[in-house]
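Chain residues, written in single-letter form:
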Amino acid sequence: MNTRNSDQARVAVVTGGARGIGLAIGQWFLDHGYQVALLDIDKNTLDATMKTLGTSQDVIGIHCDVSKPDEVESASQKVLSAFGHVTALVNNAGVAVFKPVFETSFDEWRTVLGTNLDGAFICSQVFGRLIVKNGGGAIVNIASISGLRASTLRVAYGTSKAALIQLTKQYAVELGNSNVRVNVIAPGPVDTEMAKLVHSVAIRSDYYDTIPLGRYGTPEEMANTVGFLCSNEAAFINGQVLAVDGGFEATGVGLP
Ligand code: NAD
């Protein structure tokens, strides 16, 4: 087995890194000495974010649709040109459609599954190979409590996140002997653009009532957990799903 040179810079790839939870994760890696590649389908937001991050040589933004294998392959070449290797991948890119089953179109279903599930499968193959080649590292997937509990309106979203949890375990059992740990977090509600889009006033108020901590999580709280799972502090954690949800999962009640 290859062994990673501990003096080597750590390089993290974060999908959906232009805003929200992905940007907070990218910032966590930068704050902890990693070189970082932020991949995002939304070029305008990515360009604006890159401006706010300044002129550091340690971060690059790559316009990429994670559901397209050729775009992910080309992104991986850009990461290698910039940083030479990869040690961590966070599959964070995601989209949500909250609609009843009979109102969810096949196109909406395919977009949600294509981004949330196909994207993670493709990126884990392309960047996972690079992590293995470099002697090991970590992959963290961003699922949701909607992947742990079924509820109305989430036929596409919940199915994609439940499948992402299983995808995590499949990768974990295959890549373990290549020194790659693969874990998944299941966030509760987090105040981001996505939440603004799909959390109605009724859903929002139900969450406040149902979550023992009585609030939404923050992107930084998700980033802290992801950072931990990528670090040596988590060296024996593999194939696990960790709910980061203010205690929601422990209540055993249904999703709002
Ligand atoms: P967000 O909408 O603010 O950010 C998602 C980012 O992913 C955007 O920048 C978007 O452009 C990018 N993206 C979408 N499709 C892409 C594609 N095909 N290729 C590359 N990039 C793509 O959402 P967020 O709230 O920050 O969510 C991040 C992740 O956390 C998602 O996977 C989401 O499902 C998950 N999550 C969010 C919440 C929440 O309440 N916000 C809760 C649980 C899980």
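For the structure, see preceding data.
Residues numbered from 1 in each chain as written. Predicted model: local features only at pLDDT ≥ 70, side-chain atom pairs only at ≥ 80, totals over all residues.

The helix and strand tally for the protein stands at nine helices and seven strands. What you see for the protein is a C-alpha radius of gyration of 17 Å, in line with the 18 Å of a compact globule of 256 residues. With respect to the three principal axes, the spread of C-alpha positions in the protein is 50 × 40 × 30 Å. Taken over 256 residues, the protein has a buried fraction of 48%. Considering only contacts within the protein whose residues lie at least 6 apart along the sequence, 74% involve residues at least 24 apart. (Helix = DSSP H or I, 4+ residues; strand = E, 2+ residues; numbered from the N terminus. Rg over C-alpha atoms; globule rule 2.2 N^0.38 Å. Buried ≥ 20, exposed ≤ 12 C-beta atoms within 10 Å, placed from the backbone. Contact = placed C-beta atoms within 7 Å.)

Attention now goes to the site of the ligand. Surrounding the ligand, one finds 32 residues, the nearest of these being Gly 16, Gly 20, Gly 94, Thr 192 and Met 194. Of all the secondary-structure elements, those providing two or more residues to the shell around the ligand are helix H1 (20-31), strand E2 (35-40), helix H4 (106-133) and helix H6 (193-198). Considering only residue class, the shell around the ligand consists of 15 nonpolar, 12 polar and five charged. (Near = placed C-beta within 6 Å. Nonpolar A, V, L, I, M, F, W, Y, C, P; charged D, E, K, R; others polar.)

Our next topic: the packing of helix H3 (residues 69-83) against H4. In the contact formed by H3 and H4, the axes pass within 9 Å of each other and the chain directions differ by 25°. Viewed along their axes, H3 and H4 adopt a mutual orientation that is roughly parallel. Two packed elements cross with a definite hand, and for H3 against H4 that hand is right-handed. From H3, Pro 69, Val 72, Glu 73 and Ser 76 reach across to H4, where they touch Ile 122, Cys 123, Val 126, Phe 127 and Leu 130. Split into classes, the residues belonging to the contact of H3 with H4 amount to seven nonpolar, one polar and one charged. (Axes fitted to C-alpha atoms, helices over the stretch in contact; angles between N-to-C directions. Parallel < 35°, antiparallel > 145°, perpendicular 65-115°, else oblique. Left-handed = near helix turned anticlockwise from the far one by under 90°.)

This part covers the environment of Val 97. For Val 97, the location among the structural elements is in the loop between strand E4 (88-91) and H4. When the 20 C-beta atoms within 10 Å are taken as the criterion, Val 97 is described as buried. For Val 97 and Ile 25, which are 72 residues apart along the polypeptide, the C-alpha to C-alpha distance reads 23 Å. The contacts of Val 97, once residues within four sequence positions are left out, are Thr 104, Glu 108, Val 112, Ala 156 and Tyr 157.

In short, shape yes, function no, at least from these values alone.
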